[in-house]
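Take a look at the letters that make up each chain.
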Amino acid sequence: MLNGNTIELGVCYYPEHWDTSFWKEDMLRMKSYGIGVIRVAEFAWNLFEPEEGRFDDSFWDRFLNVAKDCGMQVIFCTPTATPPAWLTEKYPEVLNCDIYGHPVYHGMRKHHNMTSPVYLDFVKKIVEHIAAHYSAHPAIIGWQIDNEPGHYGVVDYSENAQAKFRIWLQKKYGTIDKLNDTWGTSFWSETYQNFDQVRLPSQQEVPDKPNPHAMLDLNRFMADELAGFVNMQADILRQH
């Protein structure tokens, strides 16, 4: 275990990229170089849940047992940065959207949106399964939640996000008049009559700069959504 008195050297490792015959050799070589901790599994949702509702622990059970035998300590990750193809195909509403509302299709990371109730439900299920099954494994010393959850400051422009942004604004300002006054919407005839008219601002929608007050609230809204996404997973992990 980490004792707080020494500096531990660690590295990320992706056993799913390699033939199983390399695992022991790789970890023993890392140990010989002074690497005592590895981080794994952050992009491996498809290995945990190859089909909707069917969980398979055989891959990571096998790997973690090899890690234990090698004396390697493991930071285990939730895989919520990369939903599997079956999920994004069957439930396209979980996909992130660009400023024009076009979905970002499968084949990269962070292509989901954290405001989708459907996606959040799948996240809860996968994190609950992983926490319940793996938390007691002797090789695991800690957890990573998602992976770079604020990656490159990506903003989601899906209808889910639009709806939640309006709710967030209404809770913050109470009335549309208060929002108009705070945002200074008399400029450029931007004044809103109700919250349903407000959309997520984007600097790329028009050549000129968007309302800076709206952009500030956009960043605050996305930060709140991100914090909620991370805390939801942390709460599940702590239960185990």
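Above this text is the structure in question.
Residues numbered from 1 in each chain as written. Predicted model: local features only at pLDDT ≥ 70, side-chain atom pairs only at ≥ 80, totals over all residues. Heavy atoms only, no water.

Undergrad: Looking at this model, I keep getting lost on the overall build of the protein. Mind explaining?
TA: Within the protein, the regular secondary structure consists of 8 helices and 4 strands. Reading the protein from its N terminus to its C terminus gives the helix and strand order β-α-β-α-α-β-α-α-β-α-α-α. Dimensions of the protein, computed from C-alpha atoms along their principal axes, come out at roughly 65 × 45 × 35 Å. When each of the 240 residues of the protein is scored for burial, the buried share is 45%. (Helix = DSSP H or I, 4+ residues; strand = E, 2+ residues; numbered from the N terminus. Buried < 20%, exposed > 50% of the residue type's maximum accessible area, 1.4 Å probe, protein only.)

Undergrad: Whenever I open this one, helix 5 (residues 117-134) confuses me. Can you help?
TA: With 18 residues, helix 5 ought to run about 26 Å at 1.5 Å a step, and its terminal C-alpha atoms sit 26 Å apart, in line with that. Burial in helix 5 covers these residues: Tyr119, Leu120, Phe122, Val123, Ile126, Val127, His129, Ile130, Ala131 and Tyr134. Lining the buried residues of helix 5 we find helix 2 (45-48), helix 3 (58-69), strand 3 (73-77), helix 4 (85-90), strand 4 (140-144) and helix 8 (212-239). (Expected span 1.5 Å × (residues − 1). Contact = heavy atoms within 4.5 Å.)

Undergrad: Help me out: how do you make sense of the sheet that holds strand 2 (residues 35-40) in this one?
TA: The pairing of strands in a sheet happens through backbone hydrogen bonds and is either parallel or antiparallel. With parallel pairing, 4 strands are arranged side by side in an open sheet as 1-2-3-4. In this open sheet, the two strands that pair with only one neighbour each are strand 1 (9-12) and strand 4. Sheet twist, expressed as the mean angle between neighbouring strand axes with direction ignored, is 25°. Relative to strand 4, strand 3 is paired through 4 bridges, and the arrangement is parallel. Residue pairing across strands places Ile75 opposite Gly142, the latter belonging to strand 4. Taken strand by strand, helix 1 (residues 23-32) contacts strand 1 and strand 2, and its axis lies near 135° from that of strand 2. (Pairing = 2+ DSSP bridges. Axes fitted to C-alpha atoms, helices over the stretch in contact; angles between N-to-C directions.)

Undergrad: What is the right way to look at the pairing of strand 2 in this model?
TA: For a regular strand, side-chain orientation follows a simple rule: the groups alternate between the two sheet faces. Taken across its 6 residues, strand 2 has 5 buried, putting it largely inside the fold. Pairing between strand 1 and strand 2: 4 bridges, direction parallel. Each bridged residue has a counterpart across the sheet, and for Val11 the counterpart in strand 2 is Ile38. Read as a crossover between parallel neighbours, the route from strand 1 over helix 1 to strand 2 is right-handed. Where strand 2 meets strand 3, 4 bridges bridge the pair, whose relative direction is parallel. In the sheet register, Ile38 faces strand 3, and the bridge partner there is Val74. (Right-handed = clockwise from strand over helix to strand, strands pointing away.)

Undergrad: I would appreciate a short explanation of the packing of helix 6 (residues 159-173) against helix 7 (residues 176-183) in the present structure.
TA: Relative placement of two packed helices is described by the angle separating their axes and the distance separating the axes. At a closest axis distance of 9 Å, the pairing of helix 6 and helix 7 adopts a crossing angle of 90°. Judged on the interaxial angle alone, helix 7 and helix 6 are roughly perpendicular. Packed against helix 6, whose contacting residues are Phe165, Leu169 and Tyr173, the element helix 7 presents Lys178, Leu179, Thr182 and Trp183 at the interface. Taken together, the residues that form the contact of helix 6 with helix 7 break down as 5 nonpolar, 1 polar and 1 charged. (Parallel < 35°, antiparallel > 145°, perpendicular 65-115°, else oblique. Nonpolar A, V, L, I, M, F, W, Y, C, P; charged D, E, K, R; others polar.)

Undergrad: Sorry if this is basic, but what is going on with the environment of Asp146 here?
TA: Note on placement: Asp146 falls in the loop between strand 4 and helix 6. Taking the C-alpha atoms as reference points, Asp146 and Thr80, 66 residues apart in sequence, are found 5.1 Å from one another. Engagement of the side chain of Asp146 in a polar contact is seen with the backbone nitrogen of Ala81, the distance being 3.1 Å. (Polar contact = N/O pair within 3.5 Å; in protein donor to acceptor, adjacent residues only side chain to side chain.)

Undergrad: Would you explain the state of the cysteines in this entry?
TA: Working definition: the covalent bond between the sulfur atoms of two cysteines is a disulfide. Using the criterion set out here, one finds 0 disulfides in the structure. For the unlinked cysteine Cys70, the closest cysteine sulfur is that of Cys12, found at 18 Å. (Disulfide = S-S within 2.5 Å.)

Undergrad: What's the story with the pattern of salt bridges in this structure? I'm lost.
TA: It is possible for side chains of opposite charge to pair when their charged atoms get near one another. Inspection of every chain in the model, using the stated rule, returns 12 salt bridges. A salt bridge links Asp217 to Lys172; the nearest nitrogen and oxygen atoms lie 2.6 Å apart. Taken as a pair, Asp217 in helix 8 and Lys172 in helix 6 lie far apart in primary sequence, 45 residues in all. Asp217 gets classed as buried once you look at its relative accessible area, which sits at 1%. (Salt bridge = Lys/Arg side-chain N within 4 Å of Asp/Glu carboxyl O.)

Undergrad: Looking at this structure, I do not really get the side chain of Asp156. What am I missing?
TA: By secondary structure assignment, the location of Asp156 is in the loop between strand 4 and helix 6. Buried and unpaired, Asp156 has no salt bridge, with Lys164 as the nearest side chain of opposite charge at 9.4 Å. One polar contact links Asp156 to Thr115, side chain to side chain, over a distance of 3.3 Å. Among the polar contacts made by the side chain of Asp156, one reaches the side chain of Ser158 at a distance of 2.8 Å. Excluding residues that lie within four positions of it along the chain, Asp156 makes contacts with Asn96, Cys97, Asn113, Thr115, Ala161, Leu200 and Met222. (Lys, Arg positive; Asp, Glu negative; His and termini not counted.)

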